[in-house]
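The residues making up each chain are set out below.
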Amino acid sequence: QVQLVESGGGSAQAGGSLSLSCKASGQRLNKLSMAWFRRTPGKEREFVAAIRWTGTTHFDDSVKGRFTMLKNNAENAVHLQMHSLQPEDTAVYYCAASGSVILSQLMAPDAYYNWGQGTQVTVSS
């Protein structure tokens, strides 16, 4: 079973950038789809971005054009590059692994069987 560890969270000013990483162990990511979700207090986990094991990416409309998701098979890791950050991006960000490649499934938390512990991102105005 894959273990996931996020890193790279922190604080940024509005308009700034942060990069998150999710390092996997126990299983190779080259045949897994990966995603980033985020959660703010009192809300459900919200889909941010996914990359299918085929390499195609998909982003929520709220981050499209600002966030980039990359998979590095050599590192066995995925990265989320966040630009033009806004206060509403403040959340705990989680990476997750799934065996699915169906996009509609990958946008829902139920498709994922492994989650990282989360990393806090705080954006101030």
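In case you missed it, the structure is sitting above this.
First, a word on what this report is: a plain description of the structure on this page. Predicted model, so just to flag it, every value in this text is computed and none were measured. (Residues numbered from 1 in each chain as written. Predicted model: local features only at pLDDT ≥ 70, side-chain atom pairs only at ≥ 80, totals over all residues. Heavy atoms only, no water.)

### Notes on the sheet that holds strand β7 (residues 67–72)
Here is step 1: Taken together, four strands build an open sheet; the order of strands is β1-β3-β8-β7 and the sheet is antiparallel. Looking at the sheet topology across the chains shown, the edges are occupied by β1 (3–7) and β7. Strand after strand, the sheet turns through a mean of 15° between neighbouring axes, direction not considered. (Pairing = 2+ DSSP bridges. Helix = DSSP H or I, 4+ residues; strand = E, 2+ residues; numbered from the N terminus. Axes fitted to C-alpha atoms, helices over the stretch in contact; angles between N-to-C directions.)

### Remarks on the environment of leucine 18
Here is step 1: Along the polypeptide, leucine 18 turns up in strand β3 (residues 18–25).
Here is step 2: Judged by its relative accessible area of 15%, leucine 18 is buried.
Here is step 3: On a C-alpha basis, the gap between leucine 18 and serine 7 in space is 11 Å, while along the polypeptide they are 11 residues apart.
Here is step 4: In contact with leucine 18, not counting residues within four places along its chain, are Gly8, Gly10, Ser11, Ala12, Leu80, Gln81, Met82, Leu85 and Val121. (Buried < 20%, exposed > 50% of the residue type's maximum accessible area, 1.4 Å probe, protein only. Contact = heavy atoms within 4.5 Å.)

### Some details on the pattern of salt bridges
Here is step 1: Applying the stated criterion to the full structure yields four salt bridges.
Here is step 2: Where arginine 66 meets aspartate 89, a salt bridge forms, and the shortest distance between an N and an O atom there is 2.8 Å. Of this pair, arginine 66 sits in the loop between β6 (57–59) and β7 while aspartate 89 sits in the loop between β8 (77–82) and β9 (91–98), and the two are 23 residues apart along the sequence.
Here is step 3: Among the charged side chains, a network of salt bridges with common partners joins Arg38, Glu46, Arg66 and Asp89. (Salt bridge = Lys/Arg side-chain N within 4 Å of Asp/Glu carboxyl O.)

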